[in-house]
Amino acid sequence: HEPFSLRQCVETAVTLWSPQAHAKQLELVSLVYSDVPDHLVGDETRIIQILNNLIGNAVKFTDQGEVVVRVMLEEEHPRQTVLSFAVSDTGIGIPLKDQQRLFLAFDQGSRTTTRLFGGTGLGLSICYALADAMQGTITIDSGTDQGSVFHVTLTLDTDPDAPPRRHQPPLNRRVRLVEPHALSRVALSNAMRDMG
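Residues numbered from 1 in each chain as written. Predicted model: local features only at pLDDT ≥ 70, side-chain atom pairs only at ≥ 80, totals over all residues. Heavy atoms only, no water.

Draft legend 1. Structural view of the overall build of the chain. Of the regular secondary structure elements, the chain holds 6 helices and 7 strands. Along its sequence from the N terminus, the chain presents helices and strands in the succession β-α-β-β-α-β-β-α-α-α-β-β-α. Counting all 196 residues of the chain, 41% fall into the buried class. When contacts within the chain are restricted to residue pairs at least 6 apart in sequence, long-range pairs at least 24 apart make up 71% of them. Taken as a whole, the chain presents about 11,600 Å² of accessible surface, with 52% of it coming from carbon and sulfur. (Helix = DSSP H or I, 4+ residues; strand = E, 2+ residues; numbered from the N terminus. Buried < 20%, exposed > 50% of the residue type's maximum accessible area, 1.4 Å probe, protein only. Contact = heavy atoms within 4.5 Å. Areas by Shrake-Rupley, 256 points an atom, 1.4 Å probe, with all protein chains shown as cover.)

As structure tokens, this is what we get:
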């Protein structure tokens, strides 16, 4: 596995789905918390594939509201980092009785969903297999008309050659941030804070 930038990895997946989210007037927000290390070693392609599937489903099954991608630090050790990825939406949700079958190949939960939204039913089974191949897990919290949250936990190696985390000196500038969406406001505030 090669070193990669986690923030660029997340932005790659989010950027891919931005046009579809914009067309549906959905807020698509990514929040990579500031304590999450950026330089890690792992299978960047597989991580992007998992995020693409989860974000794509969230956009597909959400008609109004938001899709949020969060990346949080669970544990940090000298050689490994445990991360939690959460993709949440305000979409149609998934009944509890259908959730157990979601990660099986060619199964989309209900026939109504298949008729309305199409698809092969492979996306979530691929996500499950990819997470499992990286010694990770994937779970869901959802309910009918309550949206869904998919949680992925992965253990990645730290990059021994990563530059130390820099803290930007304050720019001594005032910024007025005008953004009506609360989570977008948080994401932009964090980005400006990270820039110093």
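Draft legend 2. Structural detail: the confidence of the model for the chain. Model confidence for the chain is summarised by a mean pLDDT of 87, while 90% of its residues fall at 70 or above. The spread of mean pLDDT over the elements of the chain runs between helix H4 (residues 111-117), the lowest at 48, and strand S5 (residues 80-89), the highest at 97. The low-confidence segment residues 114-118 (pLDDT under 50) makes 7 contacts with residues lying over four places distant or belonging to another chain. (pLDDT = per-residue confidence, 0-100.)

Draft legend 3. Representation of the pairing of S5 within the structure. Extensive coverage of S5 is indicated by the burial of 9 of its 10 residues. Pairing analysis gives 9 bridges linking strand S4 (residues 66-76) to S5, with the strands arranged antiparallel. Residue Leu73 lies in a different strand from S5, and its bridge partner there is Leu83. The sheet contact formed by S5 and strand S7 (residues 148-158) spans 10 bridges and is antiparallel. Across the sheet, residue Gln80 finds its bridge partner in S7, namely Asp157. (Pairing = 2+ DSSP bridges.)

Draft legend 4. Main features of the packing of helix H1 (residues 6-23) against helix H2 (residues 44-60). At a minimum axis separation of 9 Å, H1 and H2 run at an interaxial angle of 25°. Judged on the interaxial angle alone, H2 and H1 are roughly parallel. The crossing of H1 and H2 is right-handed. Facing H1, whose interface residues are Cys9, Val10, Thr12, Ala13, Val14, Leu16, Trp17, Gln20 and Ala21, H2 presents Glu44, Ile47, Ile48, Leu51, Asn52, Ile55, Gly56 and Val59. Of the residues that constitute the contact of H1 with H2, the class distribution is 12 nonpolar, 4 polar and 1 charged. (Axes fitted to C-alpha atoms, helices over the stretch in contact; angles between N-to-C directions. Parallel < 35°, antiparallel > 145°, perpendicular 65-115°, else oblique. Left-handed = near helix turned anticlockwise from the far one by under 90°. Nonpolar A, V, L, I, M, F, W, Y, C, P; charged D, E, K, R; others polar.)

Draft legend 5. How the structure looks around H1. Spanning 18 residues, H1 covers 27 Å between terminal C-alpha atoms, matching the ideal 26 Å at 1.5 Å per step. For H1, the principal kink sits at Trp17 and spans about 40°; a proline, Pro19, occurs within the next four residues. Looking only at H1, the buried set comprises Leu6, Cys9, Val10, Ala13, Val14 and Ala21. The inward-facing, buried residues of H1 contact strand S1 (2-5), strand S2 (27-32), strand S3 (39-42), H2, S4 and S5. (Expected span 1.5 Å × (residues − 1). Bend = angle between axes of the 7 residues up to and from the residue.)

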